[in-house]
Amino acid sequence: MYNKIFLSSDHGGFKLKEIVKGYLIKSFIDCEDLGCNSLEPVDYPDYAKLLSEKLKNNDKFKGVLFCGTGIGISMAANRFSHIRAALCTSVEMASKSRKHNNANVLVLGGRILDDKLALEIVKEFLHTEFEAGRHSLRVDKI
Ligand code: RB5
């Protein structure tokens, strides 16, 4: 389960972040937007770091990161040892990222996904639990 969702993006993910934020607010899901706040170019590693710091020492917090493709910001986030960031382009990937990998951060590409699919991916990520068992051993080896 989660008790708070942090959102963060660069300019390439800004528009999709706003759409996902709107969905979370409408659904009464507690969320905090860490920026960016416009289409003005910024550096995605800075936004990966901001969000990663919020998730330190709290396994009930989750995050959603966005950049143009989702690639750069997921690379940056995964440099932090407590982050398991999953770049997902399908509902199936979102489901497995939770069930098998216990991902605590979902990553979406704002220039890759259409809004409807992105929201389906977010819902799946937030509503799917880690299966633990044999997957715990593997996750612990990361
Ligand atoms: C920014 O133009 C773009 O490079 C960035 O959003 C992302 O796609 C990087 O991986």
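Residues numbered from 1 in each chain as written. Predicted model: local features only at pLDDT ≥ 70, side-chain atom pairs only at ≥ 80, totals over all residues. Heavy atoms only, no water.

Caption draft 1: Highlighting the pairing of strand β5 (residues 105–109). Summarising burial for β5: five of the five residues are buried, a large majority. Examined bridge by bridge, strand β4 (residues 85–87) and β5 share three bridges and lie parallel to one another. Its bridge partner being in β5, Ala86 is matched across the sheet by Leu106. Since β4 and β5 lie parallel, the crossover through helix α4 (residues 91–99) that links them has a hand, and here it is right-handed. (Buried < 20%, exposed > 50% of the residue type's maximum accessible area, 1.4 Å probe, protein only. Helix = DSSP H or I, 4+ residues; strand = E, 2+ residues; numbered from the N terminus. Pairing = 2+ DSSP bridges. Right-handed = clockwise from strand over helix to strand, strands pointing away.)

Caption draft 2: Here's a closer look at the nonpolar core. Formed by 24 residues in total, the largest nonpolar core has its most connected members in Ile5, Val20, Leu24, Leu106, Leu108, Val122 and Leu126. Put simply, the parts of the chain that give this core at least two residues each are β1 (4–9), α1 (14–26), β3 (61–67), β5 and α5 (115–127). It is α5 that provides the largest number of residues to this core, a total of six residues. Beyond its immediate stretch of four places on either side in the chain, Ile5 contacts Leu24, Ile29, Asp30, Cys31, Glu32, Lys62, Val64 and Leu126. (Core = buried A, V, L, I, M, F, W, Y, C linked by side-chain atoms within 4.5 Å. Contact = heavy atoms within 4.5 Å.)

Caption draft 3: Summary view of the site of the ligand. Taken together, the residues surrounding the ligand are Asp10, His11, Tyr44, Cys67, Gly68, Thr69, Gly72 and Arg111. Between an oxygen atom of the ligand and a side-chain N or O atom of Arg111, the distance comes to 3.3 Å. Relative to its unbound accessible area of 300 Å², the ligand is 71% covered by the protein chains. Per-class residue counts for the shell around the ligand are two nonpolar, four polar and two charged. (Near = heavy atom within 4 Å. Polar contact = N/O pair within 3.5 Å; in protein donor to acceptor, adjacent residues only side chain to side chain. Areas by Shrake-Rupley, 256 points an atom, 1.4 Å probe, with all protein chains shown as cover. Nonpolar A, V, L, I, M, F, W, Y, C, P; charged D, E, K, R; others polar.)

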